[in-house]
Amino acid sequence: MLDPLILRNDLHATADALQLRGYSLDAAAYEALESRRKTLQMEMEELQSERNSSAKSIGMAKSQGQDIQPLLDAVAKLGAELKAVEVRFKKVRDEQAAWMLDIPNLAAADVPVGADESENIELRKWGVVPTYDFKPRDHVELGELHQMMDAEAAAKLAGARFTLLKASFAQLHRALAQFMLDVHTQEHGYTEVYVPYLVKGETMQGTGQLPKFAEDAFATTDEPPRYLVPTAEVPVTNLAADQIFTAAELPLKYTAQTPCFRREAGSAGQDTRGMIRQHQFEKVELVHIVNAKEAEAAHEELIGNAEKILQKLNLAYRTIVLCTGDMGFSASKTYDIEVWLPGQGSYREISSCSNCSDFQARRMKARVRNAESGKTEFVHTLNGSGLAVGRTLIAVLENYQQRDGSVRIPEVLQPYMGGKEVISS
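In short, a report on the structure. (Residues numbered from 1 in each chain as written. Predicted model: local features only at pLDDT ≥ 70, side-chain atom pairs only at ≥ 80, totals over all residues. Heavy atoms only, no water.)

**Describing the pattern of salt bridges**
And step 1. If you walk through the whole model with that rule in mind, you get 19 salt bridges.
And step 2. A salt bridge links Arg 37 to Glu 34; the nearest nitrogen and oxygen atoms lie 2.5 Å apart. Remark: Glu 34 and Arg 37 occur in helix α3 (residues 27-63); sequence separation between them is 3 residues, near one turn of the helix.
And step 3. Taking relative accessible area as the criterion, Arg 37 reaches 8% and is therefore assigned buried.
And step 4. Since its relative accessible area comes to 6%, Glu 34 is described here as buried.
And step 5. A cluster of three or more residues bridged by salt bridges with shared partners is formed by Asp 3, Asp 358 and Arg 362. (Salt bridge = Lys/Arg side-chain N within 4 Å of Asp/Glu carboxyl O. Helix = DSSP H or I, 4+ residues; strand = E, 2+ residues; numbered from the N terminus. Buried < 20%, exposed > 50% of the residue type's maximum accessible area, 1.4 Å probe, protein only.)

**Points about a negative patch on the surface**
And step 1. A contiguous patch of negative charge on the surface is contributed by Glu 45, Glu 46, Glu 50 and Glu 81.
And step 2. Looking at which element gives the most residues to the negative patch, the answer is α3, with 3 residues.
And step 3. Positionally, Glu 50 belongs in helix α3. (Patch = residues over 30% accessible without salt bridge, like charges linked within 9 Å, V, L, I, M, F, W, Y side chains within 5 Å. Areas by Shrake-Rupley, 256 points an atom, 1.4 Å probe, with all protein chains shown as cover. Lys, Arg positive; Asp, Glu negative; His and termini not counted. Charge placed at Lys NZ, Arg CZ, Asp CG, Glu CD.)

**Things to note about the sheet that holds strand β15 (residues 380-388)**
And step 1. Sheet architecture is open: 8 strands sit in the order β1-β10-β11-β12-β15-β9-β8-β4, paired in mixed fashion. Strands at the two margins of the open sheet, each flanked by one partner only, are β1 (121-126) and β4 (191-192).
And step 2. The pairing of strand β10 (residues 317-321) with strand β11 (residues 333-341) spans 5 bridges and is antiparallel. In the sheet register, Ile 320 faces β11, and the bridge partner there is Asp 336.
And step 3. This element, helix α10 (residues 295-312), spans β1, β8 (252-261), β9 (280-290), β10, β11, β12 (346-355) and β15 of the sheet and lies at about 5° to β15. (Pairing = 2+ DSSP bridges. Contact = heavy atoms within 4.5 Å. Axes fitted to C-alpha atoms, helices over the stretch in contact; angles between N-to-C directions.)

**Some remarks on the sheet that holds strand β13 (residues 367-369)**
And step 1. Taking strand neighbours across the sheet as the criterion, the 3 strands line up as β7-β13-β14 in an open arrangement whose pairing is mixed. The strands lining the two open edges of the sheet, one partner per strand, are β7 (244-246) and β14 (376-378). For this sheet, the mean inter-axis angle between neighbouring strands, taken without regard to orientation, is 35°.
And step 2. Two strands pair when backbone bridges link them, and β13 and β14 are joined in this way by 3 bridges, in the antiparallel orientation. Of the residues in β14, the one forming a bridge with Arg 367 is Phe 378.

This is the structure in structure tokens:
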């Protein structure tokens, strides 16, 4: 959530900045709401002052033996009026709070301005795009060849956009997740956490998934409902909710492997073949909780940690910075990593690493006490995929395939595969 003072102090400049993100702020509606808030707040303060003054008069009149009933009646009347104004004030504040929950984060000053993904900027490339003396198969064809990937069986169990993995493909999927967790905990200093896969509505709201993206979430029929996590970012980042950290306790770095559940409500017709876009997929998530002054460096560390997985797997990739019109709701700046997929002949997203500044922390009330001033300040939160396991599986299968359809197993994964070097039919 944005700092309300940003809107109060510079409404029209903020509206212009949000427009770059594709969000149209109704400045007139906000001004009308803010005017009502100010008026009601002044009424409350005046009534409180008048009531306090009358209350003091009661004591003086009583000490002088005067009839205090008129004064008691006046104080009671002021109390009733104050209560009525407080109810109206709370209603306006609730309207403002709901309104604020719909507004995305502001883009950082160095984020390129653009309308959509066509205006993202490539920062760097790593690795060599492989060449073949045969036409490379995509992961679906490789799955059919080895009979280790079965969309029909999954559809029978759960419907469209699910995939069943078997034998070595399932083992490789598990190996990738374990490999990622080992690298992040043993080499990058993350603390692994195991978190619930069902969370409360306020937990989803804390990281920005609700109320904006309710249609993409799977909810239970409980009242109130709980939600299947769309990413481990949700429960892991919320570990900081309602906390006040000491400066010495930060930074915190967490990693978690979870399934992720998404309706993909706005993606009908996109990537319906294979494992690119699923209702259920696995991801190893990275989360940083830091002081504001550490956030920029933490973002560079985060993207570097995610890139290291692809480097160890020797998979060619490129890193891009997203423009203002392509960033996620909570992000102030986002780097994406796109891995090369020979079966598609293109780079495809495999990780998104975002600096969310204090946007999520304001929603979660996650703070740190300044060691010098003693005052509390909002922490800054960052998150990223390190990596999406299913898409990494796709990349390994397609990049390490051989003419006969067999798949070489990257050397770093062989210990996780019981020493197996090749997947063959």
